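# Tertiary structure, described
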Amino acid sequence: QVQLVESGGGLVQPGGSLRLSCAASGFTLDDYDIGWFRQAPGKEREGVLCISSSDGSTYYADFVKGRFTIFRDNDKNTVYLQMNILEPEDTAVYYCAAVDSVAYYIADECHTEYDYWGQGTQVTVSS
């Protein structure tokens, strides 16, 4: 069965850090372009950062530059979102997504469409 499963969300104080995990089954993440998205109540889903499997290039949304980063553990078929210096405005449900790698993709933006989505994990930043 093809699945993406997020984990690692929770409650954290402003200025704190969290690491979200996105574990894949049924396919090899290393062969896919990966995106992290988030959605707050009453707001549209927005791209957080997205990475190319071809060259490792990464798109960062302006609101996370210098605070968030993405990395892979291919042995565990898992991709991570490291979130630092968290702010209350970061409170949202975070989703990972995957699409079969696009040839010559340079991640200067996220893909418009992704084939696979995780169930989401809640991140709450509050004192």
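For the structure, see preceding data.
Since we're looking at a predicted model, the values are computed, not measured. (Residues numbered from 1 in each chain as written. Predicted model: local features only at pLDDT ≥ 70, side-chain atom pairs only at ≥ 80, totals over all residues. Heavy atoms only, no water.)

### A look at the state of the cysteines
Counting across every chain of the model gives two disulfides. Paired by a disulfide, C22 and C96 hold their sulfur atoms 2.0 Å apart. The sign of the S-S torsion, about 70°, decides the handedness of the disulfide formed by C22 and C96: right-handed. In this pair, C22 sits in strand β3 (residues 18-25) while C96 sits in strand β9 (residues 92-100), placing the two residues 74 residues apart along the sequence. (Disulfide = S-S within 2.5 Å. Helix = DSSP H or I, 4+ residues; strand = E, 2+ residues; numbered from the N terminus.)

### Comments concerning a negative patch on the surface
Negative charge collects at one region of the surface, where D30, D31, D100, E113 and D115 lie side by side. With respect to the helices, strands and loops of the structure, D30 is situated in the loop between β3 and β4 (32-39). (Patch = residues over 30% accessible without salt bridge, like charges linked within 9 Å, V, L, I, M, F, W, Y side chains within 5 Å. Areas by Shrake-Rupley, 256 points an atom, 1.4 Å probe, with all protein chains shown as cover. Salt bridge = Lys/Arg side-chain N within 4 Å of Asp/Glu carboxyl O. Lys, Arg positive; Asp, Glu negative; His and termini not counted. Charge placed at Lys NZ, Arg CZ, Asp CG, Glu CD.)

### Section: the pairing of strand β7 (residues 68-73)
Strand direction decides the pairing type here: β7 and strand β8 (residues 78-83), joined by six bridges, are antiparallel. By the bridge assignment for β8, F68 is matched with M83. The turn linking β7 back onto β8 is made up of four residues, and N77 within it adopts a positive phi angle of 55°. (Pairing = 2+ DSSP bridges.)

### Observations regarding the nonpolar core
If you look at the biggest cluster of nonpolar residues, it comprises 29 residues, and the most contacted ones within it are W36, F68, M83 and Y94. Listed by contribution, the elements that provide at least two residues to this core are β3, β4, β5 (46-51), β7, β8, β9 and β11 (121-125). Discounting chain neighbours no more than four positions away, the residues touching M83 are G16, S17, L18, L20, R67, F68, Y94 and V123. Counting residues in hydrophobic clusters, the runner-up holds eight residues, among them F37, V99, Y105 and C110. (Core = buried A, V, L, I, M, F, W, Y, C linked by side-chain atoms within 4.5 Å. Buried < 20%, exposed > 50% of the residue type's maximum accessible area, 1.4 Å probe, protein only. Contact = heavy atoms within 4.5 Å.)

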